[in-house]
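Spelled out from the first residue to the last, the chains are:
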Amino acid sequence: MNTASIRSIAMVLLAAMLWGTTGTAQSLAPAGLSPYWVGALRLVIASAFFALLAWPAWRARRGGRLRWGPVLLAGACVATYNLSFFAGVKSAGVALGTALAIGSGPIWAGLLQTVAQRRLPAPVWWLGTLLGVAGGAAMALDGGSTVRAPWTGIALCLLAGLAYAMYALTNKRLVAQAGAAVVNLAVFGTAGLLSLPVALLLGGAPTVAPGALGIVLYLGLVATGVAYLLFSTALRHISGATGVTLALAEPVTAFALAVAVVGESPSAMAYGGLAAVLAGLLLVIWAELRTTRPAAGAAAA
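What counts, and where the lines are drawn
- Starting afresh in each chain, residues are numbered from 1 along the sequence in its written order.
- In keeping with the predicted nature of the model, local features appear solely for residues at pLDDT of at least 70, side-chain atom pairs appear and are counted solely at 80 or more, and the whole-chain, interface and lining totals rest on all residues.
- Neither water nor hydrogens contribute to the side-chain values; these are computed over all heavy atoms in the structure.
- Each helix is a run of DSSP H or I of at least 4 residues and each strand a run of E of at least 2, with the numbering of both proceeding from the N terminus.
- Remark: exposure states derive from per-residue accessible area (1.4 Å probe, protein chains only) relative to the maximum for the residue type, with buried under 20%, exposed over 50%, and partly exposed in between.
- Any two residues whose heavy atoms approach within 4.5 Å at even a single point are treated as in contact.
- Only the protein chains shown count as cover for residues, and the accessible areas themselves come from Shrake-Rupley with a 1.4 Å probe.
- Axes here refer to lines fitted to C-alpha atoms; in helices the fit is confined to the stretch in contact. Angles between the N-to-C directions go from 0 to 180 degrees.
- Should an angle fall under 35 degrees it is taken as roughly parallel, and over 145 as roughly antiparallel, whereas 65 to 115 is taken as roughly perpendicular and any remaining angle as oblique.
- Each crossing gets its hand from how the near helix is turned against the far one by less than a right angle, where anticlockwise is left-handed and clockwise is right-handed.
- Cavity: a set of points on a 1 Å grid over the protein atoms alone where a 1.4 Å probe fits but cannot get out. Pocket: an open set with protein on both sides within 12 Å along at least five of seven lines, its lining residues, like those of a cavity, having an atom within 4 Å of a point.
- Grid points are joined across faces, edges and corners, and a volume is the space filled by probe spheres set on the points.
- Under the convention adopted here, Pro, Cys and the residues Ala, Val, Leu, Ile, Met, Phe, Trp and Tyr are nonpolar, Asp, Glu, Lys and Arg are charged, and Gly plus all remaining residues are polar.
- Surface patches are drawn from residues lacking salt bridges whose relative accessible area is over 30%; two like charges belong together within 9 Å, two nonpolar side chains (Val, Leu, Ile, Met, Phe, Trp, Tyr) within 5 Å.
- Between Lys or Arg on one side and Asp or Glu on the other, a salt bridge is scored when a side-chain nitrogen of the former is within 4 Å of a carboxyl oxygen of the latter.

*Asks:* Quick one: what's the story with the overall build of the protein chain, residue by residue and with numbers?
*Replies:* When its secondary structure is counted, the protein chain shows 12 helices and 0 strands. Along the protein chain, helices and strands appear, N-terminal first, in the series α-α-α-α-α-α-α-α-α-α-α-α. Out of the 301 residues in the protein chain, the part that is buried amounts to 50%. A sequence separation of at least 24 residues applies to 90% of the contacts in the protein chain between residues at least 6 apart. Here the protein chain displays about 13900 Å² of accessible surface, and carbon together with sulfur accounts for 71% of that area.

Right, dumping it as structure tokens:
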């Protein structure tokens, strides 16, 4: 049994749980701060967090050497994901937009990885991924949304899923060259620099109330900084496509918080979607461990 793969899977699931707190945290924030600024500021705060972690490695000159082409690509993908997700959700609606953005990510990742490796992931992986995506859509829609949405909103949400998948696959290459903190500092610093002028253009000058400041700090330090540090570290030992699919644990956490904290009463459709997501995640984990077991055995030999 590949212990590194199991540990990495657990790290991605924990990261997804932290991402799943984002919606509840934003719902508790006072109104007034543009969602574009929320997205941009959390990237800046996360970059400062990564800078603190990367500083000892830089001082000891152990940070590793990064190729700036992939860094710029990954940073542009993170910025594109943030901006297109917020804009797409605003246009298509929260339920449909979230389902499209999060649900399309694993499918994009599987297709991109197939093109890059010229080999399809295992049929069990696809079965688990599609089951998880369908379950996530059922949880997000919860029987209360129609598919009536502007095509521009739908396109933006699909673009968000594509950008996230490209980020994950590019980031997997980067963490093989340098430490996770150094990689994330370069990527999120780039994304923050790209996002700030766009947030100013679309959201105007920011006005951060004291209550909103605490929420933004939490989103930047925990839901972004800690979560993406876990995710990037985990990509050393699992495939990028599997990492993106395991992020479907995010709506499971959001579902639990919506029931326990916000007091929502989900429908039977949402509970069925929850069961489908959990079953799909188990299939993807099984497929990943089957894939990495031969490699681990060959390395031991």
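*Asks:* Account for the packing of helix α4 (residues 68–92) against helix α8 (residues 180–203), with residues named and values stated.
*Replies:* Running from N to C, α4 and α8 cross one another at 45°; their axes reach a closest spacing of 8 Å. Regarding the angle of α4 to α8, the classification is oblique. As for the relative orientation of α4 and α8, their crossing is right-handed in sense. Within the contact between the two elements, α4 uses W68, V71, L72, A74, G75, A76, V78, A79 and L83 and α8 uses A186, V187, F188, T190, A191, L194, S195 and V198.

*Asks:* Report on the layout of surface pockets, specifying residues and quantitative values.
*Replies:* One number sums up the size of the second largest pocket: a volume of about 250 Å³. Every residue lining the second largest pocket is counted, 13 residues in all, and those nearest its centre are Q113, R119, S239, E288 and T291. Looking at the lining of the second largest pocket, the elements with two or more residues in it are α5 (94–117) and α12 (268–300). With 4 residues, the single largest contributor to the lining of the second largest pocket is α12. Split by residue class, the lining of the second largest pocket holds 4 nonpolar, 6 polar and 3 charged.

*Asks:* Which residues make up a nonpolar patch on the surface, and what values do they have?
*Replies:* The grouping of V208, L213, L217 and L221 at the surface amounts to a nonpolar patch, some 300 Å² of accessible area in total. As for its placement among the helices and strands, L221 is situated in helix α9 (residues 210–234). For L221, a relative accessible area of 37% gives the class partly exposed.

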